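Structural features, examined
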Amino acid sequence: MTTTTPAPGEFHVVGDDIRDAAAPTGPIERRWDDRKFNAKLVNPANRRKIKVIVVGTGLAGASAAATLGEAGYQVVSFCYQDSPRRAHSIAAQGGINAAKNYRNDGDSIYRLFYDTVKGGDFRSRESNVYRLAQVSVNIIDQCVAQGVPFAREYGGLLDNRSFGGVQVSRTFYARGQTGQQLLIGAYQALERQIGAGTVEMNTRHEMLEVILVPDADGVERARGIVVRDMVTGEIETHTADAVVLATGGYGNVFFLSTNAMGSNTTATWRAHKKGAYFANPCYTQIHPTCIPVSGEYQSKLTLMSESLRNDGRIWVPKKEGDDRPASQIPEDERDYYLERIYPSFGNLVPRDIASRAAKYQCDDGKGVGPGGLGVYLDFADAIERLGRPAVEAKYGNLFDMYARITGEDPYSEPMRIYPAVHYVMGGLWVDYDLQTNITGLFCAGEANFSDHGANRLGASALMQGLADGYFVLPNTLADYLAASPFEKIADDHPRVVEARQEVEARITKLLEIDGTRTVDSIHKELGHIMWEYCGMERTAEGLTKAVGLIRELKNEFWTNVKVTGVNEELNQTLERAGRVADFLELGELMCIDALNRAESCGGHFRAESQTEDGEAMRHDDQFAYVSAWEYDTDGDGQTPILHKEPLEYEYVEMKARSYK
Amino acid sequence: MKITVNIWRQKDADAKGSMVTYPLESVDEHMSFLEMLDVLNEKLTIDGEDPVAFDSDCREGICGTCGVVINGIPHGPEVTTTCQLHMRTFKDGDTIDIEPWRAGAFPVVKDLVVDRGSFDRIIQAGGYISAPTGAAVEANNIPVPKADADHAFEAATCIGCGACVAACPNGSAMLFTASKITHLGLLPQGQPERDSRVLGMVEQHDAEGFGGCTNIGECTAACPKGIPLDVISRLNRDLLGALSRQAVGS
Amino acid sequence: MPVVYESEPQSDCDRIVEPAYCGPVVTSAPTKRTPATRSTVALKYSMAVSGLIMIGYLLLHMYGNLKVFAGQEAFDEYAHHLRTFGEPMLPYEGLLWIVRVVLLAAILVHIYAVVVLTIRNRRAAGYAGGKRYHSKQNRTGIQRSYASFTLRWGGVVILAFIVYHLLHLTAQVVTPGGASDSPYDRVVNGFEIWYVTVGYTVAMLAVGLHLWHGIWSALTSLGGNRSATRIDSRLTGIAVVVTLVIVIGFLLPPWAIFLGLEA
Ligand SMILES: Cc1cc2nc3c(=O)[nH]c(=O)nc-3n(C[C@H](O)[C@H](O)[C@H](O)COP(=O)(O)OP(=O)(O)OC[C@H]3O[C@@H](n4cnc5c(N)ncnc54)[C@H](O)[C@@H]3O)c2cc1C
Ligand code: HEM
Ligand code: SF4
Ligand code: FES
């Protein structure tokens, strides 16, 4: 039973454990087939009477909308950009995994499954991950059929590379633009359906609320959404038989991240406030090789492919505050700290270790570049060993990108890099069917928490987005829709009106405050708090402090923010204000989640929980569960309720990792 | 450094716009062009003025959301997207003119923001390969010669930004349209729909009100992704073929 | 979005791709489509073909003009030969009439396409406050050739010249320097006058500029370009050479006459 007051030093209360009721049992290889076989089907003739809302047109949303439209459902799709093709999936560079074993190097569905569970630091569900690995194979077939121009070998067959520290070559890629090419494939499939009239597309529409309506049995079902037309400001309500959220990740809670400027949590956070559980919000992936911040005006961070670490050597000056240019620091005054601390893996240690190590160096005052927030990534040795043309052939486009952004020539002086927030493993809690705990509300892609556990392997997010959209949802959603069409919901249904009024009231409030602080200044401050206390290294003390700071900031926001203009126009300040309001609340929950999880695992490092050598230490006995947070709708919204979903491992043995 | 910007301000689609001048006192040369606009907008907001509306999302040159005409050139003086342009390209004391893409088929929504929905509709008219989900054959059963695959990839890197249209004196979207024709037309998977694709896309291109190509080449010169001009010749060849097959009735 | 042709009835399922389901379409206002046979690209084909026909004629015409250097007899003989060519299969001036009809058709097609495209392109360029871009910087674009700016007005100059030229040398309505039955005399009489020669030269330079861009453009419109940029293309080279041949070829006779160097 739920108690209503948090224990001392805590901000949350603990509710009942939950289970994934949709999870199939039996041999793991059969589970997905069984689930598909047992799923109810929808008669093709009935599908045109059934309406599905899909929010988001990234890999997950576009592939889902296209597939559902093709199957004959009436799909209504939304995105906040001016075209579905611009969803942030477009920015993924590296590649997409699939267990094709084209290289005959011992890869298999089972190995991809195994690597992903292990990579997720034993905080993901075996069934889900196995399905992901199984479906990965179909994704590549599907994409090739659509004309995605993957890299090929001279014989005309598909090329692969190895990625993210795994020993097999299973990553398919399209130069450094894999996300772009995959998204354009899904986008074209989507546009085909729009042309065919099965999908209605609404661009520049931002979802601001979910509409829940109880059915005859009193079950609350997701039956629609409230959106704002970002050009006219009109608040529209849309109703349907089911709602799918595929709205991407919330890394922008840190203000600076590699996410797009518009990436937000609004859709998922609104659903959360309506009762959907938010799972593992604190699991954040921080990428070690980003271009460092150059000044206060910085608006976002740019990722450079991790492959740079294959040939670049990372170092800092041995002396604190050494501000000589790199070229004037002699060899024996440089500290190649990764090579020193991790002699066997050196510069190739996993993302989180590399990131943290850089932070420690900078904390010690050895950082380089503006604000001392950077470390060197030096190619001088590689250029000497391989020759400049070889380095150019391998990394030319990355070097060009670096030069364009920083104005420095990485061939003659070392690059500067610093870690940045890149991906969030947390998201809405979903069952095996990708359904949230709200009936009829589904969640796909980075927006859900499903497959990556505490840490995502490189090239696996694209795989998950497309698996969800092309192959999982169309089956599991059909099972849900078999009982539909549900009763029609009129536009003046009290729940619809109520949801719309909530949205309108919030907008009016934002416009009325008319304070003195800009939205961005508050967002930046939130970002600093999150980065400082809920970033690469977290402590109980810091997280507690952060919760307090965020609450103050939230108050500052709601009393002193300045939003110019009116609702009835294209108002980018208003758009940002709404997003930041939600980030403030999400940031608080992230800190509370991080505080609760007194262990280090994957993308969550608690300083209190490390080995003598500074290695992350899990506590499987206490924390082998998914943290599914319920919003305290009845209270003041400050005391979230934790539901634990225990994780069991039947196939992969839980082990600690070591990179020394 | 000190910079003066002249920006096209237009309240909404129906309003008449004009150029408005704003001085900026301390611009850092490492700022990106859009960060310079961010700084201006922070200042305007504090002063209670309406900030300048402009589009951007990824800010790393791949989503194609950003794009303004800078000193008469789409995306400005360097071959890159607006978001990847940095202030170090300019000098202290410079005056920079900033205007939205201009084209009949890209109506201005507000200030520097335009509506590029016409591009999506061109794709709807045939810019795809019909491959129903689940119907695909094993990927390696469709070998593609590396040269074709590379060339198709090159054409497929178009980010749909619209700079080609803004640069073209005729407001033609041939480079955009042809890049898709080339991407899909070079692949074996794209062959069955090759004729209907080019017919549909060209018809839609015209219906949207884009102009005709006069082979001037400003599009390629302005294109941040360097989409080559020969894609347009490929479209012309494909259309000629499709029309003649249509005429013969085969 | 459904494809709606101007003339066809609009039915719900009237679409290029057979949809899985035909329902109402809300996203995009149905745009009226014109068949591709009347598209800008098709117009460009006709413009290119008509332009190339005229260029073919210009090359032959130029070859004929150069006969001036062979003397009066040869030139008049050649002019006469053109008229009797193919007799008795063709009537007197038969070939000439065929050529005239083809050329007239070509120029009409060419002008029709120019007019339609110019109207369309102006609208497509999107003007605001009477201008496209208000910036005074980079008015000449990134890599535009001067020739590309002069096509339309240059074309009008050419048209005016063609009319004058026909009135002068074919119909003899205007007769600078005096009329004559001998084509040779007509030519020499005309070009001994400085303003006739200068006018002719200006017209030829206009033709040159037109073709400098036009030949490249025509070949590209017909699908011939395989290069990434206009400047890199082999077709640009071809255009330049053909243009120079035509312009120099046409300017030799009048200037030779004017300077008194003809045979
Ligand atoms: C720089 C970078 C590089 C990456 N590289 C790789 C890689 O190499 N391999 C890999 O596997 N993964 C990579 N990732 C991760 C991967 O790209 C993403 O996790 C994945 O693409 C997310 O896809 P998605 O469909 O869930 O969401 P997104 O693509 O983010 O799409 C979100 C959609 O939701 C819409 N939306 C959001 N909020 C709202 C709202 N409130 N109302 C209406 N619409 C809304 C948006 O308009 C958009 O259409 C990378 C990520 C980044 C940032
Ligand atoms: C009668 C007056 C003429 C006018 C007004 C005119 C106008 C034009 C214009 C505006 C163009 C470029 C338009 C475009 O590319 O879309 C053009 C192209 C061209 N013109 Fe003319 N022109 C005229 C006469 C001629 C003549 C006499 C010739 C031949 C000698 C000629 C040959 C060409 C060629 C080859 C092209 C390129 C076609 C293409 O781009 O595909 N034109 N003309
Ligand atoms: S062709 Fe180039 S300029 Fe045109 S839309 Fe594509 S990327 Fe932009
Ligand atoms: S903002 Fe994405 S390309 Fe510029």
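What counts and how
- Residues numbered from 1 in each chain as written.
- Chains lettered and ligands numbered in written order.
- Predicted model: local features only at pLDDT ≥ 70, side-chain atom pairs only at ≥ 80, totals over all residues.
- Heavy atoms only, no water.
- Domains from an automatic or database assignment.
- Contact = heavy atoms within 4.5 Å.
- Buried area = accessible area lost by both parts, 1.4 Å probe.
- Salt bridge = Lys/Arg side-chain N within 4 Å of Asp/Glu carboxyl O.
- Nonpolar A, V, L, I, M, F, W, Y, C, P; charged D, E, K, R; others polar.
- Patch = residues over 30% accessible without salt bridge, like charges linked within 9 Å, V, L, I, M, F, W, Y side chains within 5 Å.
- Areas by Shrake-Rupley, 256 points an atom, 1.4 Å probe, with all protein chains shown as cover.
- Helix = DSSP H or I, 4+ residues; strand = E, 2+ residues; numbered from the N terminus.
- Pairing = 2+ DSSP bridges.
- Buried < 20%, exposed > 50% of the residue type's maximum accessible area, 1.4 Å probe, protein only.
- Core = buried A, V, L, I, M, F, W, Y, C linked by side-chain atoms within 4.5 Å.
- Lys, Arg positive; Asp, Glu negative; His and termini not counted.
- Near = heavy atom within 4 Å.
- Polar contact = N/O pair within 3.5 Å; in protein donor to acceptor, adjacent residues only side chain to side chain.
- Axes fitted to C-alpha atoms, helices over the stretch in contact; angles between N-to-C directions.

1. Structural notes on the domain arrangement of chain A
Residues and elements named next belong to chain A. Taken as a whole, chain A is organised into domain 1 (43-284 + 423-481), domain 2 (286-421) and domain 3 (494-646). Summarising the inter-unit geometry, the C-alpha centres of domain 1 and domain 2 are found 33 Å apart. At the interface, 14 residues of domain 1 touch 13 residues of domain 2. Ranking the residues of domain 1 by area buried against domain 2 places Gln93, Leu256 and Thr258 at the top, with a combined share of 42%. At the surface where domain 1 touches domain 2, the tally comes to 0 salt bridges. In terms of residue class, the side of domain 1 that touches domain 2 is made up of 6 nonpolar, 7 polar and 1 charged.

2. Remarks on a nonpolar patch on the surface
All names here are of chain C. Taken together, the side chains of Ile111, Val115, Ile119, Leu159, Val163, Tyr164, Leu167, Val173 and Val174 make up a nonpolar region of the molecular surface, amounting to roughly 690 Å² of accessible area. Looking at the nonpolar patch, the elements with two or more residues in it are helix 3 (94-125) and helix 5 (151-170). Here the element with the most residues in the nonpolar patch is helix 5; it accounts for 4 residues. Note that Ile111 resides in helix 3.

3. So, the sheet that holds strand 11 (residues 278-279) of chain A
Residue and element names in this part refer to chain A. The sheet built from 5 strands is open, its strands ordered 1-22-21-11-17 with mixed pairing. Each of the sheet's edge strands pairs with one partner strand only, and the pair in question is strand 1 (13-14) and strand 17 (427-428). Sheet topology note: the strand 21 (residues 625-630)/strand 22 (residues 641-646) ladder contains 6 bridges and is antiparallel. Looking at the pairing, Tyr625 lines up with Pro646 of strand 22.

4. A few points about the pattern of salt bridges
A pair can form between side chains of opposite charge whenever their charged atoms are brought close. All names here are of chain A. Counting across every chain of the model gives 77 salt bridges over all chains. Notably, a salt bridge pairs Arg579 with Glu206, separated by 2.8 Å at the nearest N-O pair. Taken together, the residues span a long stretch of sequence, with Arg579 in helix 16 (residues 572-596) and Glu206 in strand 7 (residues 205-214) at a distance of 373 residues. For Arg579, a relative accessible area of 7% corresponds to the buried category. Under the relative-accessibility criterion, Glu206 is labelled buried at 7%. Counted as one network, the salt bridges with shared partners bring together Asp121, Arg123, Arg597, Glu599, Arg618 and Asp620.

5. As for the nonpolar core
Counting 196 residues, the largest nonpolar core has Ile96 and Phe150 of chain A as its most contacted members. By residue number, the principal contributor to this core is helix 16 of chain A, which donates 13 residues. Residues Trp101, Met201 and Leu229 of chain B together with Met204 of chain C belong to the second largest nonpolar core, which totals 74 residues.

6. A few points about the side chain of Asp76 of chain C
All names here are of chain C. Here Asp76 shows up in helix 2 (residues 72-84). Here Asp76 occupies a buried position and makes no salt bridge, while the nearest side chain of opposite charge, Arg186, is found at 7.6 Å. When residues no more than four places from it in sequence are discounted, the contact partners of Asp76 are Ser182, Pro183 and Tyr184.

7. What about the environment of Gly365 of chain A?
All names here are of chain A. One can find Gly365 in the loop between helix 9 (351-363) and strand 15 (375-378). Sequence separation between Gly365 and Lys318 is 47 residues, and the spatial gap between their C-alpha atoms is 10.0 Å. Leaving out residues up to four positions away in the same chain, Gly365 has contacts with Glu320 and Gly321.

8. Focus: unusual backbone geometry
Most of the time, phi is negative for any residue but glycine, and the peptide bond is trans. Here Ser484 of chain A and Pro485 of chain A are connected by a cis peptide whose omega angle stands at -5 degrees. Assignment of secondary structure puts Pro485 of chain A in the loop between helix 12 (461-481) and helix 13 (494-513). Backbone torsion omega between Glu87 of chain C and Pro88 of chain C reads 10 degrees, so that peptide bond is classified as cis. Mapped onto the fold, Pro88 of chain C is located in the loop between helix 2 and helix 3.

9. Points about the site of ligand 1
All names here are of chain A. Close to ligand 1 lie 37 residues, the nearest being Thr57, Gln81, Ser89, Met207 and Glu446. Here an oxygen atom of ligand 1 and a backbone polar atom of Gly94 are 2.8 Å apart. Within the backbone of Ser460, an N or O atom sits 3.2 Å from an oxygen atom of ligand 1. Compared with its free state, where it exposes 1,000 Å², ligand 1 has 97% of that area covered by protein.

10. Quick look at the sheet that holds strand 7 of chain A
Residue and element names in this part refer to chain A. Read across the sheet, 3 strands follow the order 7-8-9 without closing on themselves; strand pairing throughout is antiparallel. Each edge of the open sheet is held by one strand with a lone partner, namely strand 7 and strand 9 (235-239). Across the sheet, the mean angle from the axis of one strand to that of its neighbour is 30 degrees, orientation sign disregarded. Where strand 7 and strand 8 (residues 220-229) come together, 9 bridges link them in antiparallel fashion. The partner of Glu206 across the bridge, within strand 8, is Arg228. Across the sheet, helix 13 is in contact with strand 7, strand 8 and strand 9; its angle to strand 7 comes to roughly 145 degrees.

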